[in-house]
Amino acid sequence: MEEVKLLGFWPSSFVYRVIWALKLKGVKFDYIEEDLSNKSELLLQYNPVRKNVPVLVHGGKSIAESLVILEYIEETWPQNPLLPKDPHEKALARFWMQFGVDKIRPAIFAYFRAIGEEGEKAKEFQEVLKIVEKQGLGDQKFFGGDNTIGLVDIAFGMLAYWLECIEEVVGVKVLEASSLPRLHAWAQNFKQVPVVKDNLPDRGKLLAHYKHSREKLILAASSSQ
Amino acid sequence: MADVVILLDAYASVFGMRVRVALAEKGIKYEYREEDLRNKSQLLLKMNPVHKKIPVLIHNGKPVCESLIIVHYIDEVWKDKAPLLPSDPYQRAQARFWADFIDKKLYDAQKKIWTAKGEEQETAKKEFIEALKVLEGELGGKPYFMGERFGFLDIALITFYSWFHTYETLGNFSIEAECPKLISWAKRCMQKESVSKSLPDPKKVYEYILEMKKKLGVE
């Protein structure tokens, strides 16, 4: 069995996507914590182009970009499949993962960086999530089905745990049961899935991490006025 | 039962072109429908309600959206001919990584070359050339990105070649001077019928962009 290593950064939801996928497949791996403010030689060697985490190293060969890593994991360890077999269903799953990149990520970014227009950005973010609720999440418990999570659930994982901490720090709620009932329910269910529940960063530490980042933004915004 | 394949597209779209090349590589018969992006068809709005964008591949009535996702789909459904992605998972991951790089780094930079002016345009040109140089490095001495065979990553990038004339004219620079190896690769790809028949005439693309700029009030 070839060695598997994961280079990560503890607050990163992108890193956790990979952790959950590896654990669901029963793949043993060594986790290496990276200090992104002081990148190691190892990281720069394994991801010279983007210089970020997560990076999966399998048998000495490195793969970067979390969604690329997820597809690699799915293809290399086919047990406990996380993507549908049917090509059209698979394309749909990939569509929603891409939606996360193109629409959710910028919306959450804008919402976190909004100093003085938190309410407005929160509303815009909610509109994006409404699309997921209406068109992405069917009648089943998870994106992957009624009983199992798949890559889309994993890709959206940050909405289920990281977002709560961000909401607390920004001070305006986004994922509310009143306006996004099904997505809110999905988030609560997702957090209870054993592989997720047992693999999450410490809430207190995460809150402090976001508080610190936001304070820096507020400082920068006020000094540029 | 014969497959019914429809492609909703717009001739100048680098994303739409990717699908045309993939379909041509596989020899798939399909109906091409040109969309007027300022007056989108009911079919487009119905088949891609989330983004309302082209390309959309409609296979036996079911839509597939997002160009690279469509190329994956085509490769998986019509798997007996001309494989587009390598079979090895690590090679596939490399192809996907670089396609992601193209869509993130190259796409944003190229847009500002034809929409911006002055310093913003200069910065965009720099970023664009930098990204192309990284890709050129990745190509190395190989005939195609994944080796001896034309495939997924070549498809992801070659479509931008039809826009090079537009970038060079509006940005006043020569891409060949900066990335000669990449231009050799592009010309090699263009010798394939699946590519040359799928890409529009660069002069037409330039005219289209000039018209777009006028309509957008960007001079």
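Residues numbered from 1 in each chain as written. Chains lettered and ligands numbered in written order. Predicted model: local features only at pLDDT ≥ 70, side-chain atom pairs only at ≥ 80, totals over all residues. Heavy atoms only, no water.

## Quick notes on the overall build of chain A
Okay, step 1: Each helix and strand counted, chain A has eleven helices and four strands in total.
Okay, step 2: For chain A, the C-alpha radius of gyration of 18 Å lies close to 17 Å, the compact-globule estimate for 225 residues.
Okay, step 3: Reported as C-alpha extents along the three principal axes, the dimensions of chain A are approximately 55 × 45 × 30 Å.
Okay, step 4: Counting over 225 residues, chain A shows a buried share of 50%. (Helix = DSSP H or I, 4+ residues; strand = E, 2+ residues; numbered from the N terminus. Rg over C-alpha atoms; globule rule 2.2 N^0.38 Å. Buried < 20%, exposed > 50% of the residue type's maximum accessible area, 1.4 Å probe, protein only.)

## As for helix H9 (residues 180–190) of chain B
Residues and elements named next belong to chain B.
Okay, step 1: Along H9, the residues classified as buried are Leu 182, Ile 183, Trp 185, Ala 186 and Cys 189. One side of H9 carries all its buried residues, which in axial view fall inside an arc of 155°.
Okay, step 2: Residues of H9 that are buried sit in contact with helix H5 (118–139), helix H6 (152–158), helix H7 (164–171), helix H8 (175–178) and helix H10 (193–196). (Arc of directions from axis to C-beta. Contact = heavy atoms within 4.5 Å.)

## Section: the pattern of salt bridges
Okay, step 1: Counting across every chain of the model gives 30 salt bridges over all chains.
Okay, step 2: Between Lys173(A) and Glu167(A) there is a salt bridge, with its nearest N and O atoms 3.2 Å apart.
Okay, step 3: Judged by relative accessible area, Glu167(A) falls into the buried class, the value being 5%.
Okay, step 4: Where Glu25(B) meets Lys192(B), a salt bridge forms, and the shortest distance between an N and an O atom there is 3.5 Å. Note that Glu25(B) is positioned in helix H1 (residues 14–26) and Lys192(B) in the loop between H9 and H10, a separation of 167 residues in sequence.
Okay, step 5: Among the charged side chains, a network of salt bridges with common partners joins Glu71(A), Glu75(A), Arg94(A), Glu76(B), Arg92(B) and Arg96(B). (Salt bridge = Lys/Arg side-chain N within 4 Å of Asp/Glu carboxyl O.)

## Examining the packing of helix H1 (residues 13–24) of chain A against helix H3 (residues 66–76) of chain A
Residues and elements named next belong to chain A.
Okay, step 1: Across the interface, H1 lies against H3 with an axial gap of 9 Å and an inter-helix angle of 5°. Between H1 and H3, the angle is such that the two are roughly parallel. Contacts from Phe 14, Arg 17, Val 18, Ala 21 and Leu 22 in H1 reach Ser 66, Leu 67, Ile 69, Leu 70 and Ile 73 in H3.
Okay, step 2: Taken together, the residues of the contact of H1 with H3 break down into eight nonpolar, one polar and one charged. (Axes fitted to C-alpha atoms, helices over the stretch in contact; angles between N-to-C directions. Parallel < 35°, antiparallel > 145°, perpendicular 65-115°, else oblique. Nonpolar A, V, L, I, M, F, W, Y, C, P; charged D, E, K, R; others polar.)

## Quick look at the sheet that holds strand E2 (residues 30–33) of chain A
Residues and elements named next belong to chain A.
Okay, step 1: Taking strand neighbours across the sheet as the criterion, the four strands line up as E2-E1-E3-E4 in an open arrangement whose pairing is mixed. Lying at the two open borders of the sheet, with one neighbouring strand each, are E2 and strand E4 (61–64). Across the sheet, the axes of successive neighbouring strands diverge by a mean angle of 20°, strand direction being ignored.
Okay, step 2: The pairing of strand E1 (residues 4–8) with E2 spans four bridges and is parallel. Bridge pairing in E2 places Gly 8 opposite Glu 33. (Pairing = 2+ DSSP bridges.)

## Section: the pairing of strand E3 (residues 55–58) of chain A
Look at any regular strand and the pattern is simple: side chains alternate between the two faces of the sheet.
Residues and elements named next belong to chain A.
Okay, step 1: Taking every second residue as pointing to the same face, both faces of E3 are buried, with Val 55 and Val 57 on one and Leu 56 and His 58 on the other.
Okay, step 2: Note that E1 and E3 share four bridges and pair antiparallel. Along E3, the bridge assignment pairs Val 4 with His 58.
Okay, step 3: When E3 meets E4, the two strands line up antiparallel, connected through four bridges. Considered in E4, the bridge of Val 57 is made with Ser 62.
Okay, step 4: Between the antiparallel neighbours E3 and E4 lie two residues, among them Gly 59 with a positive phi of about 55°.

## Concerning the interface of chain A and chain B
Okay, step 1: On the chain B side, the residues contacting the 27 residues of chain A number 26 residues.
Okay, step 2: The junction of chain A with chain B conceals about 2300 Å² of combined surface from both sides, 67% of it contributed by carbon and sulfur atoms.
Okay, step 3: The largest share of the area that chain A buries against chain B comes from Arg50(A), His88(A) and Phe95(A), three residues that together contribute 24% of it.
Okay, step 4: Our enumeration of links across chain A and chain B arrives at six salt bridges.
Okay, step 5: Taking the shortest distance from any N to any O, the salt bridge between Arg96(B) and Glu71(A) comes out at 3.7 Å.
Okay, step 6: Along the contact surface separating chain A from chain B lie six residue pairs in polar contact (both at pLDDT 80 or more).
Okay, step 7: Sorting the residues of the side of chain A that touches chain B by element identifies E4, H3, helix H4 (87–113) and helix H5 (118–136) of chain A as the ones contributing at least two each. (Buried area = accessible area lost by both parts, 1.4 Å probe. Polar contact = N/O pair within 3.5 Å; in protein donor to acceptor, adjacent residues only side chain to side chain.)

## Remarks on the sheet that holds strand E3 (residues 56–59) of chain B
Residues and elements named next belong to chain B.
Okay, step 1: Ordered by their spatial adjacency, four strands build an open sheet running E2-E1-E3-E4, and the pairing between neighbours is mixed. Edge positions in the sheet fall to strand E2 (31–34) and strand E4 (62–65), since each of these pairs with one other strand and no more. Put simply, the sheet's adjacent strands are angled 20° from each other on average, direction ignored.
Okay, step 2: In this sheet, E3 lies alongside strand E1 (residues 5–9) in antiparallel orientation, the contact comprising four bridges. Opposite Ile 6, over in E3, you have Ile 58 as the bridge partner.
Okay, step 3: Seen against the sheet, H1 touches E1, E2 and E3 and runs at an angle of roughly 155° to E1.

## Here's the deal with unusual backbone geometry
All names here are of chain A.
Okay, step 1: Residue Val 53 is joined to Pro 54 through a cis peptide bond whose omega torsion reads 5°.
Okay, step 2: Considering the arrangement of structural elements, one finds Pro 54 in the loop between helix H2 (41–46) and E3.
Okay, step 3: The backbone of Asn 80 sits at a positive phi, close to 50°, despite the residue not being glycine.
Okay, step 4: Along the polypeptide, Asn 80 turns up in the loop between H3 and H4.
Okay, step 5: Assessed through its relative accessible area of 37%, Asn 80 is described here as partly exposed.

## Let's talk about helix H9 (residues 181–192) of chain A
Residues and elements named next belong to chain A.
Okay, step 1: End to end, H9 covers 17 Å across twelve residues, agreeing with the expected 16 Å (1.5 Å per residue, within 8%).
Okay, step 2: Within the sequence span of H9, burial applies to Leu 183, Trp 186, Ala 187, Phe 190 and Lys 191. Mapping the buried residues of H9 onto a view down its axis gives an arc of 130°, with all of them on the same face.
Okay, step 3: At its buried positions, H9 is contacted by H1, H5, helix H6 (151–155), helix H7 (157–160), helix H8 (162–170) and helix H10 (194–197). (Expected span 1.5 Å × (residues − 1).)

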